[in-house]
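# Working through the structure, step by step
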Amino acid sequence: EAEAEAEVRLLLQEAQESIEAARSYRRELEQRLRGLHQAREQIRQSATLTRDVLEQHFNDLKGTLKKLLDERLMSLLQEVDAIEQDSIKPLDECQKLIEHGVSTADELLREGESAVHGDVGPQNEKLCSFTKKALHIQLDSLPEVPSLVDVPCLSAQLDDCLLTILKNQIFRHGTVASRPPVQLEEFIEKPGGILVRWCKVDDDFLPQDYRLQYRKGTASHFEDVYVGSETEFIVLHIDPNVDYQFRVCARGDGRQEWSPWSIPQTGRTTLVPHEWTTGLEGYSLSSRRNIALRNDSQSCGVLYSKAPTYVCGQTLTFRQTVGQPDRRDSLGLCVEQQNGFDSLQRDKAVCISTNGAVFVNGKEMTNQLPAVTSGSTVTFDMEVVQLGPASSEGGNFKLRVTISSNNREVVFDWVLDQCCVSLYFGCSFSYPGWKVLVF
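Residues numbered from 1 in each chain as written. Predicted model: local features only at pLDDT ≥ 70, side-chain atom pairs only at ≥ 80, totals over all residues. Heavy atoms only, no water.

Along its length, the protein carries three helices and 21 strands. In terms of overall dimensions, the protein is more spread out than a globule: its C-alpha atoms have a radius of gyration of 46 Å, far above the 22 Å expected for 439 residues. Judged by the C-alpha coordinates and their principal axes, the protein covers about 165 × 85 × 35 Å. The buried share among the 439 residues of the protein stands at 28%. When contacts within the protein are restricted to residue pairs at least 6 apart in sequence, long-range pairs at least 24 apart make up 60% of them. Approximately 28700 Å² of the protein is accessible, and the part contributed by carbon and sulfur atoms is 52%. Computing the positive centroid from 46 side-chain charges and the negative centroid from 63, the protein places the two 6 Å apart. (Helix = DSSP H or I, 4+ residues; strand = E, 2+ residues; numbered from the N terminus. Rg over C-alpha atoms; globule rule 2.2 N^0.38 Å. Buried < 20%, exposed > 50% of the residue type's maximum accessible area, 1.4 Å probe, protein only. Contact = heavy atoms within 4.5 Å. Areas by Shrake-Rupley, 256 points an atom, 1.4 Å probe, with all protein chains shown as cover. Lys, Arg positive; Asp, Glu negative; His and termini not counted. Charge placed at Lys NZ, Arg CZ, Asp CG, Glu CD.)

This part takes up the sheet that holds strand E1 (residues 182–190). With antiparallel pairing, three strands are arranged side by side in an open sheet as E1-E2-E5. Taken across any chain shown, the strands that pair with only one partner, and hence form the sheet edges, are E1 and strand E5 (232–236). In this sheet, neighbouring strand axes are inclined to one another by 25 degrees on average, regardless of whether the strands run parallel or antiparallel. (Pairing = 2+ DSSP bridges. Axes fitted to C-alpha atoms, helices over the stretch in contact; angles between N-to-C directions.)

Okay, the environment of Pro264 next. Inspection of the secondary structure puts Pro264 in the loop between strand E6 (244–252) and strand E7 (265–267). Distance in space between the C-alpha atoms of Pro264 and Val145 is 78 Å, their sequence separation being 119 residues. Residues contacting Pro264, with those up to four places away along its chain left out, are Gln245, Phe246 and Arg247.

To continue, consider the UniProt feature "coiled-coil region" (unreviewed entry) in the protein. The UniProt record marks residues 1–86 with the feature "coiled-coil region" (unreviewed entry), using the residue numbering of this structure. Here residues 1–86 is 99% helix and 0% strand, with 125 Å between the C-alpha atoms at its ends. (UniProt positions renumbered as here; feature names shortened; annotations may be inferred.)

Below, the discussion takes up the environment of Pro260. Here Pro260 shows up in the loop between E6 and E7. Distance from Pro260 to Val176, taken between C-alpha atoms, is 9.2 Å for residues 84 residues apart in sequence. If near-sequence neighbours (up to four positions away) are discounted, Pro260 is found in contact with Ala177, Pro180, Pro181, Val248 and Cys249.

Spatial ordering of the open sheet is given by E4-E3-E6-E7, a layout of four strands whose pairing is antiparallel. Pairing within the sheet leaves two strands with one partner each, and these edge strands are strand E4 (223–228) and E7. Taking each pair of neighbouring strands and ignoring which way they run, the sheet shows an average axis angle of 30 degrees. Here strand E3 (residues 207–216) runs beside E6; their pairing, made up of nine bridges, is antiparallel. Looking at E6, one finds that Tyr210 is bridged to Ala250.

Written as structure tokens, this is what we have:
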């Protein structure tokens, strides 16, 4: 009986495993069916959209071509009218002159015939009058009438090769692409932003520039956010926990037109944006509080972040416009806000001075970075390398810190006596003119 029960349990276990395998198999098949449905919908929707775009474009072309042809026809007809009027005007003037001459000749004929056939007495007087009048009129002066070869003969010259040229251009106009040459590849959350990466998927396509667009939620229009040669870009001013749609296209080497857009994809960030704290007299902040400007106030002190929003594993970036440097200037991270200091060159803080000196817990390191320049970026990366009993250095928490500036970096371990995975960031400048963007 025991063996029978064991065999039954084994069979039940195998049956249960088979059932679970069948369920898992069914779930996989259903997921693949959904994928096929999405692929089919994408093909149909993109085909419908492409048809609409083609029909609208060619309808617009037909309307524009008709308008251009009508304008050209009107211009040629006006040219015919102008030539006709300018050519006929001197002929009309000549006709008037001839008709006047005919009238004058008729009048002379009547007077001459009357003088010749009249009485003798009056005849002599009429003959004298007629003779004098005839002498004053130049009966041998005839107006010049142009020959047919000297006057315009209008005709229209219509080059039949235009139709051939248009036909060749029209047959080459427009293409239908089944796949865009670039696609979105990755979205990485940033505080108040998203790092968007894309890649080329067509080996034969040689990109010169990329164009990234985005729109918030279900907004109707995409907006340009980046145009350049890089294949990644940090999109800032992103509201946390809100979906944004992105798309990218490219321009081939030596070409003016852009490629088809990539398939739109949705990205979001759950990380709140980095913000400077308000209220410090020596600094003015932007509306989003991610840019701090050292103003003309004589007040000194450290400007801290609103909250400890830097988390180990992330990259913190400062981008600055420079002013007059001072050795006490600082950009960096700290465990806590401490008022009463005019620099982050103190305990429980790591920072870089504007001259490139690196400080850890207030002590200057031997390694030094290049001086901070306008438009350059300073980045901080940290990761936890030790969490446990106290070490020989006296701390039980160690962070591996990497500070980069102007294509150089320093790496060191920052030993603390407390667990800190969320840190404040801060800055201090002695002179006005410094402006710092943090992201």
